[in-house]
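Listed below are the residues making up each chain.
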Amino acid sequence: MDFVKILLRLLGVAKDHFDNELENERPVQQARPQQRPFEPTEEREKTDAEWVDYFRNILRNDFSSFSIRENVPVTDLAGNANDEAQLYKTRPTQAYKAEWGQPYSFVLETGGKPKAIVMLGKGHSHDENVKYLIARMYAEKLNLPYINFYTQMPNERNYVIGRIRKFLN
């Protein structure tokens, strides 16, 4: 046998042996843990119904000395009033019917008498939307605290409770 052939055979056997040893020494690849889809850390916006549930829960639990009515038409408190007011600085005084007002989100009552109004709204509806302005005007005429909350804000529980208590005292 030729020296070169012997050497190639030995190298081939050595190579096979070396490859087998490397195969046995390689770490076993661990299965990857299942990845979760990306979840944003911010809460999603609440729906109108979720806001009502949230405030209802706070009012029932933290203001239990009051009875609570929801979605109360302005006419339930003011009657069929048709009073004059200047709701917009750029407009003169004109008459506004109570029936045009945005229904009050919540009315807190004691002994069947209204004591405060909690109003929910988006954006600056309380300052710009005529329905909210009419509702506020009649609350003021009835000497009732009108406590408005913007639903695009966080409205953390302690803030809501503190703000309502401030108006009730």
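Here, the structure is the one placed above.
These numbers were taken from a predicted model, which means no experiment stands behind them.

Chemist: Help me out: how do you make sense of the overall build of the chain in this one?
Modeler: Helix and strand content of the chain: six helices and six strands. Its helices and strands taken in sequence order, the chain reads α-α-β-α-β-β-β-β-α-α-β-α from the N to the C terminus. Out of the 169 residues belonging to the chain, those deemed buried represent 29%. Within the chain, contacts between residues at least 6 apart in sequence are counted, and of these 63% link residues at least 24 apart.

Chemist: Sorry, what's going on with the nonpolar core here?
Modeler: Nonpolar side chains in soluble globular proteins generally cluster together in the buried interior. One finds Leu-77, Leu-87, Tyr-96, Tyr-104, Ile-117, Tyr-138 and Tyr-146 to be the most contacted residues of the largest nonpolar core, which totals 22 residues. Counting residues per element, the ones that place at least two in this core are α3 (74–78), β4 (104–110), β5 (113–121) and α5 (130–141). Per-element accounting of this core gives the leading share, seven residues, to α5. Every residue in contact with Leu-77, bar those within four places of it in the chain, is listed here: Arg-69, Val-72, Tyr-104, Val-107, Pro-114, Ile-117, Leu-142 and Leu-144. Residues Leu-59, Phe-63, Leu-108 and Ala-116 belong to the second largest nonpolar core, which totals 16 residues.

Chemist: Sorry if this is basic, but what is going on with the pattern of salt bridges here?
Modeler: A side chain of one charge can pair with a side chain of the opposite charge when the charged atoms of the two come close. In total, this model carries seven salt bridges according to the counting rule given. With a shortest N-O distance of 2.9 Å, Asp-62 and Arg-157 are connected by a salt bridge. Residue Asp-62 is found in helix α2 (residues 48–62), and its partner Arg-157 is found in helix α6 (residues 157–168); the two are separated by 95 residues along the sequence. Its relative accessible area of 30% is what places Arg-157 among the partly exposed residues. In this structure, Glu-109 and Arg-69 form a salt bridge, with 3.0 Å as the shortest nitrogen-oxygen distance. In this pair, Glu-109 sits in strand β4 while Arg-69 sits in strand β1 (residues 67–72), placing the two residues 40 residues apart along the sequence. Judged by relative accessible area, which is 8%, Glu-109 ranks as buried. In the salt-bridge network here, residues are joined through shared partners; they are Asp-53, Arg-56 and Glu-70.

Chemist: How do you make sense of α5 when you look at a structure like this?
Modeler: In an α-helix there are 3.6 residues to a turn, and that puts residues three or four apart on one side. Its twelve residues give α5 an end-to-end C-alpha distance of 16 Å, which sits within 8% of 16 Å, the value for a rise of 1.5 Å per residue. Those residues of α5 that sit buried are Tyr-132, Leu-133, Ile-134, Ala-135, Met-137, Tyr-138 and Ala-139. Near the N-terminus of α5, the side chain that reaches the backbone nitrogen of Lys-131, with its oxygen 2.8 Å away, is that of Asn-129. Looking one or two residues beyond α5, the residue adopting positive phi is Asn-143, at roughly 55 degrees.

Chemist: Explain the environment of Pro-145 to me, please; I cannot follow it from the model alone.
Modeler: Here Pro-145 lies in the loop between α5 and β6 (146–150). Those residues in contact with Pro-145 that sit more than four places away from it in its chain are Lys-115, Ala-116, Ile-117 and Phe-167.

Chemist: For this particular structure, what's the right way to read the sheet that holds β6?
Modeler: Note: strands within a sheet are paired through backbone hydrogen bonds, in either parallel or antiparallel orientation. Spatially, four strands are ordered β1-β4-β5-β6 in an open sheet, and the strand pairing comes out mixed. Looking at the sheet topology across the chains shown, the edges are occupied by β1 and β6. On average, adjacent strands in this sheet sit at an angle of 25 degrees to one another, irrespective of strand direction. Pairing geometry for β1 and β4, over five bridges, is antiparallel. By the bridge assignment, Arg-69 is partnered in β4 with Val-107.

What counts as what
- Residues numbered from 1 in each chain as written.
- Predicted model: local features only at pLDDT ≥ 70, side-chain atom pairs only at ≥ 80, totals over all residues.
- Heavy atoms only, no water.
- Helix = DSSP H or I, 4+ residues; strand = E, 2+ residues; numbered from the N terminus.
- Buried < 20%, exposed > 50% of the residue type's maximum accessible area, 1.4 Å probe, protein only.
- Contact = heavy atoms within 4.5 Å.
- Core = buried A, V, L, I, M, F, W, Y, C linked by side-chain atoms within 4.5 Å.
- Salt bridge = Lys/Arg side-chain N within 4 Å of Asp/Glu carboxyl O.
- Expected span 1.5 Å × (residues − 1).
- Polar contact = N/O pair within 3.5 Å; in protein donor to acceptor, adjacent residues only side chain to side chain.
- Pairing = 2+ DSSP bridges.
- Axes fitted to C-alpha atoms, helices over the stretch in contact; angles between N-to-C directions.

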